[in-house]
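Chain by chain, the residues:
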There are 2 protein chains.
Amino acid sequence: MTQSTETTSYKDIKQTVLGRIRSGEWRPDTLLPNEEDLAVEFSCTRTTVNRALRELAEEGFLERRRKAGTRVSSAPQRQARFTIPLVRDEVEAMGGTYRYALVSALAETAPEWLAARLALTPGQRVVHVRCMHYSDNTPFQFEDRWIVIDSVPQVEQADFSAIGPNEWLVQTVPFTNVELSFLASRADATLAGFLDVTEGEPVFTAERITWLQGQPVTLAKMYFAAGYRMTTRL
Amino acid sequence: MTQSTETTSYKDIKQTVLGRIRSGEWRPDTLLPNEEDLAVEFSCTRTTVNRALRELAEEGFLERRRKAGTRVSSAPQRQARFTIPLVRDEVEAMGGTYRYALVSALAETAPEWLAARLALTPGQRVVHVRCMHYSDNTPFQFEDRWIVIDSVPQVEQADFSAIGPNEWLVQTVPFTNVELSFLASRADATLAGFLDVTEGEPVFTAERITWLQGQPVTLAKMYFAAGYRMTTRL
DNA sequence: AAGAACCTAAAGTCTACACATATTGAGCGC
DNA sequence: GCGCTCAATATGTGTAGACTTTAGGTTCTT
């Protein structure tokens, strides 16, 4: 059969299966027919069914185990995907004009908390970069970043007055591991000044630690302006 | 060729390609060979290469466009996946003992802000449930939830003293759409009491709105105890 | 020079089949 | 009745080949 006449694509199957879950026809924990039977039902091959079910499982709607079969996830939507765009893209997507400003960039000995956090040897040196990201000249994000010099020697020559440290790093060093956290922190006097909020105000914060083959590369703390929400639709 | 002797699986290809990206051999924006050539290089079929590249693209490492080819993403890791377990699972995963406590459950007319937020008609009624989740009897999360009665009529008969509203809803109503936000809010007097923090302290907050075929079902605000971090590794 | 129409390369998808692997549940021995 | 072994089964993955769709380039036209 040619596909144009009667496309039974994996997307159609996904839609149909999702529909049955959402309508309640297939409740949580329901065991659904095996791939072969579904292939007959949708009059396509098992491969196509497999792809549909695999993706639905990846998205958290189904749980699959060999021999045990496929069943509707009882705790659906356990995984949420957040898109974390570059600040510039995020600002521009909201229709704002993006502006970057370097606050300071200094080489220094890693403070104790940082050395402990990144498992640095005492006395290891880092470049500490602080900068601001503005949307239409209102504060959008304050970025506080430390870059381990031993892992990225070129950083001592980098000029962060023109390019943000994030973009510079992305272009310069590869990485193998990332840890990303979201938390709520409170604005100290400095932060309050940069973000134009009252001292003590809650500030949505993202922390990102990056490694290259086990070597810590950078820790970034990103403080967002008041009212910021990280939102996603599922 | 039998697979057992020389498995060139899509996972191997993913690893190899990832390695080349991470090592810097394929820098951001590099155009990589087309699927057919890669299939030759890895001595497997294009299907297998396709799956590897497709998944890497889904994970944000590659960008693919028909005819234009596949290139290394210039802004890598644009997508992060967070696992959002049920509170009970999260507490138990940390080795704590989970305890649930109902604070209040009342049917009422939707307050104006809620009606606006969920696009309710004025005067529509909701059940307002407030409850606490404890880990080893220390506050873990305060949950403030509104359930639209017109969308879930059974809610008026539900007994939330034994089962949490989240688990009850998951078992009872399907849903079609979810919006999830993370933000930082400040503890008011009530919240401070429940979470055992000082008034005005920053509180990491998750908000979840659920719809069923365009009908708003529930809005939940989940306030986490001091120091909470939502973390993921990539 | 600007724009429209066409060609074609590359990814996207489907079919059909085969072998791999995990795990359940039945049968067996003790 | 309990535990072990083993076969049946459902999903997982790979091969081979074909057709489809998109969009970058080129060429042709105005």
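Criteria and cut-off values
Residues numbered from 1 in each chain as written. Chains lettered and ligands numbered in written order. Predicted model: local features only at pLDDT ≥ 70, side-chain atom pairs only at ≥ 80, totals over all residues. Heavy atoms only, no water. Helix = DSSP H or I, 4+ residues; strand = E, 2+ residues; numbered from the N terminus. Polar contact = N/O pair within 3.5 Å; in protein donor to acceptor, adjacent residues only side chain to side chain. Near = heavy atom within 4 Å. Contact = heavy atoms within 4.5 Å. Buried area = accessible area lost by both parts, 1.4 Å probe. Salt bridge = Lys/Arg side-chain N within 4 Å of Asp/Glu carboxyl O. Phe/Tyr/Trp six-rings, centres within 6.5 Å; stacked < 30°, edge-to-face > 60°. Buried < 20%, exposed > 50% of the residue type's maximum accessible area, 1.4 Å probe, protein only. Domains from an automatic or database assignment. Axes fitted to C-alpha atoms, helices over the stretch in contact; angles between N-to-C directions. Parallel < 35°, antiparallel > 145°, perpendicular 65-115°, else oblique. Left-handed = near helix turned anticlockwise from the far one by under 90°. Nonpolar A, V, L, I, M, F, W, Y, C, P; charged D, E, K, R; others polar. Least-squares fit on C-alpha atoms with pLDDT ≥ 70 in both. Pairing = 2+ DSSP bridges. Core = buried A, V, L, I, M, F, W, Y, C linked by side-chain atoms within 4.5 Å.

Chain A is annotated in an unreviewed UniProt entry as Transcriptional regulator, GntR family of Ruegeria intermedia.

All names here are of chain A. Note that E59 resides in the loop between α3 (46–58) and β2 (62–65). For the pair E59 and A80, spaced 21 residues apart in sequence, the C-alpha separation works out to 8.5 Å. For E59, the side chain forms a polar contact with the side chain of K14, separated by 2.8 Å.

Taken together, 25 residues lie around DNA strand C, and S9(A), R65(A), R46(B), R64(B) and R66(B) are the ones closest in. Close to the protein, within 4 Å, the atoms of DNA strand C belong to sugar or phosphate groups at a rate of 75%. Between DNA strand C and T47(A) there is a distance of 3.5 Å, counted from a base nitrogen to a side-chain nitrogen or oxygen. Contact between DNA strand C and T48(A): a phosphate oxygen at 2.7 Å from a side-chain N or O atom of the residue. Elements with a minimum of two residues in the surface near DNA strand C: α1 (10–23) and α3 of chain A together with α3 (46–58), β2 (62–65) and β3 (69–72) of chain B.

With 55 residues of chain A in contact, the opposing surface of chain B contributes 55 residues. Around 4700 Å² of area is buried between chain A and chain B when both sides are counted, 48% of it from carbon and sulfur atoms. In terms of surface lost to chain B, no three residues of chain A exceed R22(A), R81(A) and R229(A), which account for 14% of the buried area on that side. Linking chain A with chain B are 6 salt bridges.

Turning our eyes to something else, we now look at the packing of aromatic side chains. As enumerated under the stated definition, the model contains 22 aromatic pairs over all chains in all. Judged by centre distance (4.7 Å) and plane angle (15°), the rings of F142(A) and F194(A) are stacked. Residue F142(A) is found in strand β7 (residues 138–148), and its partner F194(A) is found in helix α7 (residues 189–195); the two are separated by 52 residues along the sequence. Classification of F194(A) by relative accessible area gives partly exposed; the value is 24%. An aromatic cluster is built from F140(A), F182(A), F204(A), F224(A), Y228(A), F140(B), F182(B), F204(B), F224(B) and Y228(B), whose rings are joined through pairwise contacts.

This brings us to the domain arrangement of chain A. It is common to give the size of an interface as the accessible area lost on bringing the parts into contact. The domains assigned to chain A are domain 1 (10–72) and domain 2 (87–224). Summarising the inter-unit geometry, the C-alpha centres of domain 1 of chain A and domain 2 of chain A are found 43 Å apart.

To continue, consider the packing of α3(A) against α3(B). Running from N to C, α3(A) and α3(B) cross one another at 25°; their axes reach a closest spacing of 14 Å. Relative to α3(B), the element α3(A) lies roughly parallel. Considering only the axes of α3(A) and α3(B), their crossing is right-handed. Residues R51(A), R54(A), E55(A) and E58(A) of α3(A) form the contact with α3(B), whose participating residues are R51(B), R54(B), E55(B) and E58(B).

What follows covers the protein's contact with DNA strand D. Around DNA strand D there are 23 residues in total, and R64(A), R66(A), S9(B), Y10(B) and T48(B) lie nearest to it. Close to the protein, within 4 Å, the atoms of DNA strand D belong to sugar or phosphate groups at a rate of 75%. Within the contact set of DNA strand D, a phosphate oxygen lies 3.3 Å away from a side-chain nitrogen or oxygen of T45(B). R46(B) places a side-chain nitrogen or oxygen 3.4 Å from a base nitrogen of DNA strand D. Contributions of two or more residues to the surface near DNA strand D are made by α3, β2 and β3 (69–72) of chain A together with α1 (10–23) and α3 of chain B. Here the surface near DNA strand D takes 4 residues from α3(B), the largest share from any one element. Classifying every residue of the surface near DNA strand D by side-chain character gives 2 nonpolar, 9 polar and 12 charged.

Right, let's get into the relation of the copies chain A and chain B. Once chain A is rotated about the relating axis by 180° and shifted along it by 0.1 Å, it coincides with chain B to within an RMSD of 0.1 Å. Put plainly, the chains are arranged around a two-fold axis. Mapped onto chain B, 100% of the interface residues of chain A again fall at the interface, so both copies present the same surface.

This next bit is on unusual backbone geometry. The backbone phi angle of D136(A) is positive, close to 50°, even though this residue is not glycine. Within the secondary structure, D136(A) sits in the loop between β6 (125–135) and β7. Phi at D29(B) takes a positive value of approximately 80°, unusual for a residue other than glycine. Its place among the elements puts D29(B) in the loop between α1 and β1 (31–32).

Another aspect to go through is the pairing of strand β9 (residues 202–212) of chain B. Residue and element names in this part refer to chain B. Here β9 lies mainly inside the structure; 11 of its 11 residues are buried. Every second residue of β9 is oriented toward a common face, with P202, F204, A206, R208, T210 and L212 on one face and V203, T205, E207, I209 and W211 on the other, all of them buried. As defined by bridge partners, strand β8 (residues 177–186) adjoins β9 across 10 bridges and the pair is classed as antiparallel. Within the sheet, the bridge partner assigned to F182 lies in β9 and is A206. Taken together, the 8 bridges between β9 and strand β10 (residues 215–224) define a ladder with antiparallel strand orientation. Bridge assignment links E207 to a residue of β10, and that residue is K221. A loop of 2 residues connects β9 with β10, the two strands running antiparallel in sequence, and Q213 in this loop sits at a positive phi of about 45°.

With that settled, consider the nonpolar core. V155(A), F182(A), F204(A), V155(B), F182(B) and F204(B) are the most contacted members of the largest nonpolar core, which has 60 residues in total. Those residues in contact with F182(A), other than ones at most four positions away along the chain, are I84(A), F204(A), T205(A), A206(A), M230(A), F82(B), F182(B), F204(B), Y228(B), R229(B) and M230(B).

So, on to the sheet that holds β1(B). All names here are of chain B. As summarised here, the arrangement of the 3 strands in space is β1-β3-β2, forming an open sheet in which the pairing is antiparallel. Each edge of the sheet is formed by a strand with only one pairing partner; in this case those strands are β1 and β2. Where β2 and β3 come together, 4 bridges link them in antiparallel fashion. Pairing of L62 across the sheet is with V72, part of β3. Strand contacts of α3: β1, β2 and β3, with the helix running at about 115° to β2, the strand carrying the most contacts.

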